[in-house]
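# Remarks on the overall topology
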Amino acid sequence: MKKIKVTDDNRLLHGGDYNPDQWLDYPDILKEDVELMKAAHTNTFSIGIFAWAALEPEEDKYDFDWLDKVIERIHSIGGRFIMATPSGARPAWMSQHHPEVLRVDAYRRKQLHGARHNHCFSSEYYRKKTQEMNTKLAERYGDHPALLMWHISNEFGGECHCDSCQNNFREWLKNKYNNDLKELNHSWWGAFWSHTITDWEQIESPSPIGENAVHGMNLDWRRFVTHQTIDFYKNEIKPLRELTPDVPITTNFMSDNPEFVPFTALDYSQFAKEVDVISWDAYAPWHTDQEDTATLASRVAFLNDHFYSMKNQPFLLMESTPSLVNWHDVNKAKRPGMHFLSSMQMLAHGSDSILYFQWRKSRGSSEKFHGAVVDHDRSKDNRVFKEVAQLGKAMEDLSDCVVGYQRKADVGILYDVESDWALNDAQGFGLKTKKYGETLQKHYQMFWENNIPVDVISKETAFDPYKILLIPMLYMLSEETAEKISAFVKNGGTVVTTYITGLVDEADLTHMGGWLKPLKEVFGVEPLETDTYYPSDRNSVVYNGKAYEVRDYATVLKLLEAESLGSYEEDFYKDTPALTKNTYEKGQAFYIGARLNDDFHRVFYNELIKTHDLKPALEAKHNRGVSIQARKAEGKQTIFIMNFTEESQTLLLLEEVTDCLTDEVLGGALELAPYETRVVEKRI
Ligand code: GLA
Ligand code: ZN
């Protein structure tokens, strides 16, 4: 795979979404912007994201003069720009004259012009117009020395149910099922409730998914939506690849919000293959009353590692807020110090940038109160601006020991969005307690607490680089993946799985004849039935002499070759195995049958870390809530020591390191103020 360095001059990127098109009537603001950009120690701006109406005010009449000036101003202060293609929002004249660009929702209602991210991915006209626009942008700015990369559209997502999208769906299905309705009906289990399809024209997209009983169809629709979105994106980048083959391309990915788990509207594992650099928009609900800062920090870490692992290379933080957002239920300001800490965490996990939405708060419309570097007061003396500038200064000083440095993990945790789709569709188990993303984050957290890096991988990733592979709740598991797991364990790997794993195949059809043979062999058990609990139900599992609480799920197991490490204490499966270990060829396989609490996970995974001799980048003793993460280069590593608690923390460093910002040599006791970060260097 071609490795792309996300910054070309070894600078960490600092800046963000800049919307000068909102301020064309305010020349003093545009002039002031560059002064403030310097003062904020910023160097990179994403421009043009929603500027279509300014770039093409009338059909086929373009105006790039204002953009030329903006780019020259940024260039004059040594800044760089990330050129966005404006397809995330259309001008009103387009919706007026070419209504086919408007999206149709799952109930077949055509949307009116308004909001954004609401175009049809199949519209021939829209595809033609985006190509024309992108060609013009590439011709005009492709050779500009300050151009850093392309930012395609914005936060791709959503779906369209118009007639052309329906037709494309049918074509996609014909291709997938070899033009054979028999194959399709088998895969969709069409005989159920008389859903047998006898003519391709009978196929309509789910309307909506939650009300459609044919799960195989829902799954295929989601796959098609990913395919169609990527196809639209590929159409957009065609002129860019032709005219600017050396300029990297990205598009900004997201998480599912406000849950803050992996994004589920598209299959990013497929999309990632088509971009040169991964970038994502992180809006963690810092200071929420739902969980403590350390737990949230570990979930942020999980998402960062997810994006790093997609291409196993540094990524960009394309958007974040320096202060608050405007769309959480409660939009709380980052407390003093949190901006620095949360930004350092991004760098620690492999980002080569801290970019914001937004540079300047808009004056009107829905984002006028969303956090920004420059507030309505236009001042550089307010708290937020000062914290941004302080971070920018530190990033300038840290560039040399961060940019391009890699991450490396011995542990992989598998996230599969297709399985997530199918599990959520499944009418079974607890409808509200499945929580696949959150469950993965809980398992991941135990490694994070021990400062052991973890890759968040897909089922297509090679498993062999890892010592430990975690596959919690992998509901959909094909024979191919089962064989891959088996080969991994045969060769000495350790695998851990849980309840609700391996129940359906890639068509969302249940496996017949019990659990898949390779899984039975590897784990040495057979799951017999899974009991689902009411919120007030409890059970417990005794492990190493201590009882741990069970909630939500308990799987009854039949032991084959495995040994039982813990049994249930209650119910009709009292004293039967809940937790097992099997030695299979050179490796080991653990099955955790019940949803156990953090205390259990802590003990269980601490032991696994010990027996596998996994060591953190820096030997240190500290309380929960301090995180130590490393990025490595030839012969050295940069280590971030971060305090995600509201209290001062004293660490005991068992090795000597040098502070990257102060050159101070550190060893022994190290005091960290609340939310403080130290970045240190260690030779290896
Ligand atoms: C998204 C969008 C931005 C902005 C922010 C607000 O990430 O890409 O344009 O709306 O949300 O948080
Ligand atoms: Zn459509």
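To be clear, the structure that these remarks concern was listed above.
As the structure is a computational prediction, the values presented were derived from the model and not from experiment.

### Overview of the overall build of the chain
The helix and strand inventory of the chain stands at 17 helices and 28 strands. Its C-alpha atoms give the chain a radius of gyration of 26 Å, within 12% of the compact-globule value 26 Å for 684 residues. Its C-alpha atoms put the chain at 75 × 75 × 45 Å along the principal axes. Within the chain, the fraction of its 684 residues that count as buried is 60%. Looking at the chain alone, contacts between residues at least 24 apart form 74% of all its contacts between residues at least 6 apart. Element-wise, carbon and sulfur atoms account for 48% of the exposed surface of the chain, whose accessible area totals about 27,400 Å². If you average the places of the 76 positive and of the 105 negative side-chain charges in the chain, the two averages end up 2 Å apart.

### Considering helix α12 (residues 383-398)
With 16 residues, α12 extends 22 Å between its outermost C-alpha atoms, agreeing within 8% with the 22 Å of an ideal straight helix rising 1.5 Å per residue. Within the sequence span of α12, burial applies to Val384, Phe385, Glu387, Val388, Ala389, Leu391, Gly392, Ala394, Met395 and Leu398. Residues of α12 that are buried make contact with β1 (13-18), α1 (27-39), α11 (338-348), β11 (353-356) and β28 (677-683).

### With respect to the coordination of the zinc ion (ligand 2)
Within the protein, the zinc ion (ligand 2) binds to Cys120 (SG), Cys160 (SG), Cys162 (SG) and Cys165 (SG); these donor distances fall in the range 2.3 Å. In terms of primary sequence, the donors binding the zinc ion (ligand 2) are separated according to C-x39-C-x1-C-x2-C. Here the residue Cys120 occupies a position in the loop between α4 (92-97) and α5 (124-141), and Cys160 occupies one in the loop between β4 (147-151) and α6 (163-176), the gap between them amounting to 40 residues. Residue classification places Cys120 among the buried residues on the basis of a relative accessible area of 0%.

### Details of the sheet that holds strand β6 (residues 252-253)
Pairing is parallel across the open sheet formed by 3 strands, whose spatial order is β6-β9-β10. Pairing within the sheet leaves two strands with one partner each, and these edge strands are β6 and β10 (316-319). Sheet topology note: the strand β9 (residues 279-281)/β10 ladder contains 3 bridges and is parallel. Along β10, the bridge assignment pairs Ser279 with Leu316.

### Considering the state of the cysteines
Counting across every chain of the model gives 0 disulfides. Between Cys660, a free cysteine, and Cys401, which holds the nearest cysteine sulfur, the sulfur-to-sulfur gap is 3.7 Å.

### What about the side chain of Asp267?
With respect to the helices and strands, Asp267 occurs in the loop between β8 (261-262) and α9 (268-271). Despite being buried, Asp267 has no salt bridge partner; Lys459 is the closest side chain of opposite charge, sitting 5.6 Å away. Ignoring anything within four residues of it in the chain, the contact list for Asp267 reads Thr226, Val417, Glu418 and Trp421.

### Some words on the sheet that holds strand β5 (residues 249-250)
Sheets are built from strands paired through backbone hydrogen bonds, the pairs being either parallel or antiparallel. In space, the 6 strands of this open sheet follow the order β5-β4-β3-β2-β1-β11, with parallel pairing throughout. Where the open sheet ends on each side, the last strands, each with one partner, are β5 and β11. Looking at chain direction, β1 and strand β2 (residues 44-47) are connected through 4 bridges and run parallel. What sits directly across from Gly16, in β2, is Phe45.

Quick notes on the rules
- Residues numbered from 1 in each chain as written.
- Chains lettered and ligands numbered in written order.
- Predicted model: local features only at pLDDT ≥ 70, side-chain atom pairs only at ≥ 80, totals over all residues.
- Heavy atoms only, no water.
- Helix = DSSP H or I, 4+ residues; strand = E, 2+ residues; numbered from the N terminus.
- Rg over C-alpha atoms; globule rule 2.2 N^0.38 Å.
- Buried < 20%, exposed > 50% of the residue type's maximum accessible area, 1.4 Å probe, protein only.
- Contact = heavy atoms within 4.5 Å.
- Areas by Shrake-Rupley, 256 points an atom, 1.4 Å probe, with all protein chains shown as cover.
- Lys, Arg positive; Asp, Glu negative; His and termini not counted.
- Charge placed at Lys NZ, Arg CZ, Asp CG, Glu CD.
- Expected span 1.5 Å × (residues − 1).
- Donors = N, O, S within 2.8 Å, 3.2 Å for Na, K, Ca; no water.
- Pairing = 2+ DSSP bridges.
- Disulfide = S-S within 2.5 Å.
- Salt bridge = Lys/Arg side-chain N within 4 Å of Asp/Glu carboxyl O.

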